[in-house]
Structures are given as structure tokens and as C-alpha cells.
Amino acid sequence: MATSLLRTLSRSTVNRPFNNARSFSIFGGDIVTSHTAKWMQDTSKKSPMQLINEVPPIKVEGRIVACEGDTNLALGHPIEFICLDKAEPAICKYCGLRFVQDHHH
């Protein structure tokens, strides 16, 4: 079964070689490009990164913070434990929230 599938795939690539990764996509490259261009043209709305950067770093008392993204578990993400030993804010890899250790000295 697998060998016949490989033969079929190799025959189809000989007749029509794949030039890039988008050739494997179900959607053509033009559809993806036009959709992205439409989304980027709307300057009245802020991008997700701009919105998350407007949130000030969250001050935490301990060395480790557990980020879940939101208090509502249905809207959150997998829990990530973040170490705050460095001076600059630590960033959650899922939601982009920034955390900094609050020193009470």
C-alpha cells in the first residue's frame, strides 16, 4: 500500500514538480496572499501584538509565576510556569503577557 502511494506521488511530481511549500496546500497561494493583504490594510484596528503590548507588565511577588492566559479556563491556554530571576520582564510564550518580579526592599 505505502509503496504504491509513493509511486503515485513520485509520478505526479515528475509531471508537475512542486516549486514551493504552498504547492502542497489545498488553497492556492493567491487566496492566502489576498486574505493577508486585506487584513493588513485595515489600519483602524490594532494588531494582536499591539494590543498585548499595551498591557503593562504584571508585578508578581514570587520568583515563579503560573500563567494560564485568562481567569476563564475556556479562554486560557495550557499553564506555563515562568521564572522571574532576570531583571527584564518575562514573556508568556502562549499569550504574550509580561511578568516582572516586584521587589519590596
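Residues numbered from 1 in each chain as written. Predicted model: local features only at pLDDT ≥ 70, side-chain atom pairs only at ≥ 80, totals over all residues. Heavy atoms only, no water.

Trainee: Could you give an account of the overall build of the protein chain, with specific residues and numbers?
Mentor: Check the secondary structure of the protein chain and you find three helices and five strands. Reading the protein chain from its N end, one meets helices and strands in the order α-α-α-β-β-β-β-β. Taking all 105 residues of the protein chain together, the buried fraction comes to 14%. Put simply, of all contacts in the protein chain between residues at least 6 apart along the chain, 37% involve residues at least 24 apart. (Helix = DSSP H or I, 4+ residues; strand = E, 2+ residues; numbered from the N terminus. Buried < 20%, exposed > 50% of the residue type's maximum accessible area, 1.4 Å probe, protein only. Contact = heavy atoms within 4.5 Å.)

Trainee: Help me get a handle on the sheet that holds strand E4 (residues 90–91), residues and values and all.
Mentor: Read across the open sheet, the three strands follow the order E1-E5-E4; overall the sheet is mixed. Sheet topology places strand E1 (58–60) and E4 at the edges, where each strand pairs with a single neighbour. Strand direction decides the pairing type here: E4 and strand E5 (residues 98–101), joined by two bridges, are antiparallel. Its bridge partner being in E5, Ala-90 is matched across the sheet by Phe-99. (Pairing = 2+ DSSP bridges.)

Trainee: Residue-level account of the confidence of the model for the protein chain, with values.
Mentor: The predicted coordinates ought not to be read in detail in places where the model reports low pLDDT. Per-residue confidence for the protein chain averages 75 on the pLDDT scale, and 60% of its residues sit at or above 70. Here residues 12–28 is modelled with pLDDT under 50, and outside its nearest four sequence neighbours on either side it reaches seven contacts, counting other chains as well. (pLDDT = per-residue confidence, 0-100.)

Trainee: Break down the pattern of salt bridges for me, with residues and values.
Mentor: Under the definition given, this model contains two salt bridges. Linking Glu-54 and Lys-46 is a salt bridge whose minimum nitrogen-to-oxygen distance equals 2.3 Å. On the accessibility criterion, Glu-54 (47% relative accessible area) is partly exposed. Here Arg-63 makes a salt bridge to Asp-85, at a shortest N to O gap of 2.8 Å. Residue Arg-63 is found in the loop between E1 and strand E2 (64–67), and its partner Asp-85 is found in the loop between strand E3 (80–83) and E4; the two are separated by 22 residues along the sequence. (Salt bridge = Lys/Arg side-chain N within 4 Å of Asp/Glu carboxyl O.)

Trainee: Could you give an account of the side chain of Glu-80, with specific residues and numbers?
Mentor: The residue Glu-80 is located in strand E3 in this model. No salt bridge forms around the buried Glu-80; measuring N to O, its nearest opposite-charge neighbour Lys-93 is 4.6 Å away. Within polar-contact distance, the side chain of Glu-80 engages the backbone nitrogen of Lys-93 at 3.1 Å. Dropping the residues within four chain positions of it, Glu-80 is found in contact with Val-65, Ala-66, Cys-67, Cys-92, Lys-93 and Tyr-94. (Lys, Arg positive; Asp, Glu negative; His and termini not counted. Polar contact = N/O pair within 3.5 Å; in protein donor to acceptor, adjacent residues only side chain to side chain.)

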